[in-house]
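# Observations on chain architecture
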Amino acid sequence: QKEVEQDPGPLSVPEGAIVSLNCTYSNSAFQYFMWYRQYSRKGPELLMYTYSSGNKEDGRFTAQVDKSSKYISLFIRDSQPSDSATYLCAYHSGGSNYKLTFGKGTLLTVNP
Amino acid sequence: DVKVTQSSRYLVKRTGEKVFLECVQDMDHENMFWYRQDPGLGLRLIYFSYDVKMKEKGDIPEGYSVSREKKERFSLILESASTNQTSMYLCASSSEGLAASRGFGPGTRLTVL
């Protein structure tokens, strides 16, 4: 079983749609959960960060973590063309461990 | 915000050439990383450094070496470039024990002919 599974898409939605992006993981040691956004020909930038089960909201973005099911989601409300990017989930086991485990990314296009 | 800069956005080299990719961060971060990113394979860690002159191999270190002589600077070296090293190379840095502080540079698109 792969450590992280992320649907690569591509995902194409109309402007204003609610977008759901998902990742599953198998490693119970993962304690911290992140979503990165990567625009074309740019480096990834941290979008959301959480370390507990439940929801975390930041503007139009909501990160949801279900540790019992080993499942994380990113919801984008009222999606905009500027949200078009690749979204990467990432996991960290905490402490001084340097390793971040990344999903392969989902390519999202929001059409005006 | 973390500011990570990379010396080149695009680079074209020939097979067998020695290639240097430079990365500088201005956040006084202890940790610095080199990744490569390829379609269908995602981000893969090449090397990691947790202090000056200290380094650890990541998941795919073969064909690469690194140098960290100063805290803010981390170099990736391709001793003899090969076509299978054509890729997007991303540098990142983070504060010790704070995974969410990891910030990435803009990337260097390297093409080896």
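Heads up: the structure comes first, above all this text.
An account of the accompanying structure is given in this report. Because the structure is a prediction, the values reported are computed rather than measured.

### Here's the deal with the state of the cysteines
A covalent bond between the sulfur atoms of two cysteines is what we call a disulfide. This structure, assessed with the given rule, holds two disulfides over all chains. Disulfide pairing is shown between cysteine 23 of chain A and cysteine 89 of chain A; the S-S distance is 2.0 Å. A torsion of -95° about the S-S bond marks the disulfide between cysteine 23 of chain A and cysteine 89 of chain A as left-handed. Here cysteine 23 of chain A, found in strand 3 (residues 19-25), pairs with cysteine 89 of chain A, found in strand 9 (residues 85-92); they are 66 residues apart in sequence, far enough to count as distant. Here cysteine 23 of chain A falls in the buried class, since its relative accessible area comes to 1%. Of the residues examined, cysteine 89 of chain A reaches a relative accessible area of 0% and is grouped as buried. Across a sulfur-sulfur distance of 1.9 Å, cysteine 23 of chain B and cysteine 91 of chain B are joined as a disulfide pair.

### Focus: the nonpolar core
If you look at soluble globular proteins, the nonpolar side chains tend to sit buried side by side. Counting residues in each nonpolar core, the largest one holds 24 residues, and the members touching the most others are Trp35, Ile72, Leu74, Tyr87 and Tyr91 of chain A. Breaking this core down by element, the ones donating at least two residues are strand 3, strand 4 (32-38), strand 5 (45-50), strand 7 (61-66), strand 8 (71-76), strand 9 and strand 11 (106-111) of chain A. With 20 residues, the next largest nonpolar core counts Cys23, Leu78, Ala81 and Val112 of chain B among its residues.

### Some details on the pattern of salt bridges
According to the stated counting rule, one finds eight salt bridges over all chains in the structure shown. Between aspartate 83 of chain A and arginine 60 of chain A there is a salt bridge, with its nearest N and O atoms 2.8 Å apart. One end of the pair, aspartate 83 of chain A, is in the loop between strand 8 and strand 9; the other, arginine 60 of chain A, is in the loop between strand 6 (54-58) and strand 7, with 23 residues separating them in the sequence. With a relative accessible area of 25%, arginine 60 of chain A lands in the partly exposed category. The salt bridge partner of glutamate 69 of chain B is lysine 53 of chain B, with a shortest N-O separation of 2.4 Å. Here the residue glutamate 69 of chain B occupies a position in strand 7 (residues 64-70), and lysine 53 of chain B occupies one in the loop between strand 5 (42-51) and strand 6 (54-57), the gap between them amounting to 16 residues. Comparing glutamate 69 of chain B with lysine 53 of chain B, the two get one shared label, exposed. Three or more residues are tied together by salt bridges with common partners; here these are Arg36, Asp38 and Arg44 of chain B.

### Concerning the sheet that holds strand 3 of chain A
Each strand in a sheet pairs with its neighbour through backbone hydrogen bonds, running either in the same direction (parallel) or in the opposite one (antiparallel). All names here are of chain A. Pairing within the open sheet is antiparallel, and its five strands lie in the order 1-3-8-7-6. Lying at the two open borders of the sheet, with one neighbouring strand each, are strand 1 (4-6) and strand 6. Strand-to-strand, the axes of this sheet are offset by a mean angle of 15°, without reference to chain direction.

### A short note on the interface of chain B and chain A
In many analyses, interface size is given as the accessible surface area lost on bringing the parts together. The interface is formed by 24 residues belonging to chain B together with 17 residues belonging to chain A. With both sides pooled, the region where chain B packs onto chain A buries about 1,700 Å², and carbon together with sulfur makes up 59% of that total. Linking chain B with chain A are zero salt bridges, by the criterion used here. Tallied by class, the residues present in the side of chain B that touches chain A amount to 13 nonpolar, five polar and six charged.

### Let's talk about the pairing of strand 7 of chain B
All names here are of chain B. Pairing geometry for strand 7 and strand 8 (residues 73-78), over five bridges, is antiparallel. From the neighbouring strand, tyrosine 64 faces strand 8, where its bridge partner is leucine 78. Where strand 7 folds back onto strand 8 in an antiparallel hairpin, the turn is made up of two residues.

Scoring rules and cut-offs
Residues numbered from 1 in each chain as written. Chains lettered and ligands numbered in written order. Predicted model: local features only at pLDDT ≥ 70, side-chain atom pairs only at ≥ 80, totals over all residues. Heavy atoms only, no water. Disulfide = S-S within 2.5 Å. Helix = DSSP H or I, 4+ residues; strand = E, 2+ residues; numbered from the N terminus. Buried < 20%, exposed > 50% of the residue type's maximum accessible area, 1.4 Å probe, protein only. Core = buried A, V, L, I, M, F, W, Y, C linked by side-chain atoms within 4.5 Å. Salt bridge = Lys/Arg side-chain N within 4 Å of Asp/Glu carboxyl O. Pairing = 2+ DSSP bridges. Axes fitted to C-alpha atoms, helices over the stretch in contact; angles between N-to-C directions. Contact = heavy atoms within 4.5 Å. Buried area = accessible area lost by both parts, 1.4 Å probe. Nonpolar A, V, L, I, M, F, W, Y, C, P; charged D, E, K, R; others polar.

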